[in-house]
Amino acid sequence: MSDHDHDHDHDHDHDHDHDAANPSRADYHRAHQARALAEAERLLAVREQLGGRWLAWVAGELYALNPPQFASMVRRELQRMSEPPR
């Protein structure tokens, strides 16, 4: 019985290590929110200079960002910042 409990604990430790190596989306979001916000502000700052070419330029910038999870965070921030205030 105690051997079984020990195995269970070992599995639990393994799961914990796995979680640490692959942080959840929420943890990732919290860790990188400020950087995503800064990146979105940087992209928006050149919108007036680039005018009609801005969308294509931003698409390229977002495509170059890694990991893709971070790029999608920046894209969401851009959308949020571009929306007219309600």
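From a predicted model like this one, the values you see are computed outputs, not experimental measurements.

About the thresholds
Residues numbered from 1 in each chain as written. Predicted model: local features only at pLDDT ≥ 70, side-chain atom pairs only at ≥ 80, totals over all residues. Heavy atoms only, no water. Salt bridge = Lys/Arg side-chain N within 4 Å of Asp/Glu carboxyl O. Helix = DSSP H or I, 4+ residues; strand = E, 2+ residues; numbered from the N terminus. Buried < 20%, exposed > 50% of the residue type's maximum accessible area, 1.4 Å probe, protein only. Contact = heavy atoms within 4.5 Å. Phe/Tyr/Trp six-rings, centres within 6.5 Å; stacked < 30°, edge-to-face > 60°. Lys NZ or Arg CZ within 6 Å of the ring centre and 35° of its normal. Core = buried A, V, L, I, M, F, W, Y, C linked by side-chain atoms within 4.5 Å. Expected span 1.5 Å × (residues − 1). Arc of directions from axis to C-beta.

1. Quick notes on the pattern of salt bridges
The full count for this structure, using the stated rule, is 4 salt bridges. With a shortest N-O distance of 2.6 Å, R42 and E39 are connected by a salt bridge. In this pair, R42 and E39 are both assigned in helix α2 (residues 25-45), 3 residues apart and thus about one turn of the helix distant. Accessibility expressed as a relative area gives 37% for R42, which makes it partly exposed. A relative accessible area of 16% places E39 in the buried class. Through salt bridges with shared partners, a single network forms among E39, R42 and E61.

2. Section: the environment of L78
Relative to the assigned elements, L78 resides in helix α5 (residues 68-82). Separated by 20 residues in the primary sequence, L78 and V58 have C-alpha atoms spaced 9.8 Å apart. L78 has contacts with A40, L43, L44, W54, V58 and L62, leaving out every residue within four places of it along the chain.

3. Structural notes on the packing of aromatic side chains
Evaluated as defined, the whole model comprises 0 aromatic pairs. Taking the ring centre of F70 as reference, the NZ or CZ of R35 above it sits at 4.0 Å. Over the face of the ring belonging to W54 we find R47, whose NZ or CZ atom lies 5.1 Å from the ring centre.

4. A look at the nonpolar core
Where a protein is soluble and globular, its nonpolar side chains tend to be buried together. Counting 15 residues, the largest nonpolar core has L62, V74 and L78 as its most contacted members. Elements that contribute at least two residues to this core include exactly α2, α4 (54-64) and α5.

5. Notes on α5
Helix length check: α5, at 15 residues, gives a terminal C-alpha distance of 21 Å against a target of 21 Å (1.5 Å per residue), a fit within 8%. Burial in α5 covers these residues: F70, A71, M73, V74, E77 and L78. Down the axis of α5, the smallest arc covering the buried residues is 155°, so these residues share one side. Tucked inside the fold, the buried residues of α5 contact α2 and α4.

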